[in-house]
Amino acid sequence: MATWITIQISDLYDYLCSTQLNALKTLEMASDQANSIDEIIGDITARIRAEISGNRHNLLSSDRTKIPHDLRSFACYLILESAQTRLPGLKLTADQIRLATDAKDYLKRIAKGEVPISVPDDAMATGDFGSNVGCQVVHHRTRHASEKSLGGF
């Protein structure tokens, strides 16, 4: 079991250079704008949770704002990638673009079950999108149909 986290604007500061940080802070002060950073964080969080629930063996936190702590950096790169389309001053570096692409690839691997994720302390029985629902055949008996056994039909 592991404690999952909610991404905050302050988490993004670990992944920004000073020019980008100033652009982000300017956007924060203009809180009356539509599509604020908080909304982008919510959108990326939902996307990450959807990828996690893509594998029926993964469990999600019951808190829809939480993701595994080890996906924090990936979430931040994806948030920055989305935010930069709204902010001319938030020009991503080549490394940040590469890391956002790596994050998308990693999430696909999680959905395929190639990478395990931590089980949250407050795990839900099913995913946000119902993809954890399913059944498996545990045991079955082999039956042989023949002319003799089907004689009464």
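Residues numbered from 1 in each chain as written. Predicted model: local features only at pLDDT ≥ 70, side-chain atom pairs only at ≥ 80, totals over all residues. Heavy atoms only, no water.

## Topic: the packing of helix α3 (residues 37–53) against helix α5 (residues 94–112)
Logical step 1: For the pair α3 and α5, the least separation of the axes is 7 Å and the interaxial angle reads 35 degrees. Judged by residue contacts, R47, I48, E51 and I52 of α3 engage K104, L107, K108, I110 and A111 from α5. (Axes fitted to C-alpha atoms, helices over the stretch in contact; angles between N-to-C directions. Helix = DSSP H or I, 4+ residues; strand = E, 2+ residues; numbered from the N terminus. Contact = heavy atoms within 4.5 Å.)

## A word on α3
Since there are 3.6 residues in each turn of an α-helix, residues three or four apart along the chain are aligned in direction.
Logical step 1: Compared with the 24 Å implied by 1.5 Å per residue over 17 residues, the 24 Å span of α3 between its first and last C-alpha is a close match.
Logical step 2: Of the positions making up α3, those classed as buried are I37, I40, I41, I44, T45, I48, R49, I52 and S53. (Expected span 1.5 Å × (residues − 1). Buried < 20%, exposed > 50% of the residue type's maximum accessible area, 1.4 Å probe, protein only.)

## Focus on the packing of helix α4 (residues 72–83) against α5
Logical step 1: Packing of α4 against α5 brings their axes to within 8 Å, and their N-to-C directions diverge by 120 degrees. With respect to α5, the element α4 is oriented oblique. Our pair here, α4 against α5, has a crossing hand that is left-handed. Residue-level inspection shows F74, Y77, L78, L80 and E81 of α4 in contact with α5, the latter providing Q96, L99, A100, A103, K104, Y106 and L107.
Logical step 2: Looking at the contact of α4 with α5 residue by residue, the class counts come to 9 nonpolar, 1 polar and 2 charged. (Parallel < 35°, antiparallel > 145°, perpendicular 65-115°, else oblique. Left-handed = near helix turned anticlockwise from the far one by under 90°. Nonpolar A, V, L, I, M, F, W, Y, C, P; charged D, E, K, R; others polar.)

## Focus on the side chain of N55
Logical step 1: The residue N55 is located in the loop between α3 and β2 (66–67) in this model.
Logical step 2: From its side chain, N55 meets the backbone nitrogen of H57 in a polar contact 2.9 Å long. (Polar contact = N/O pair within 3.5 Å; in protein donor to acceptor, adjacent residues only side chain to side chain.)

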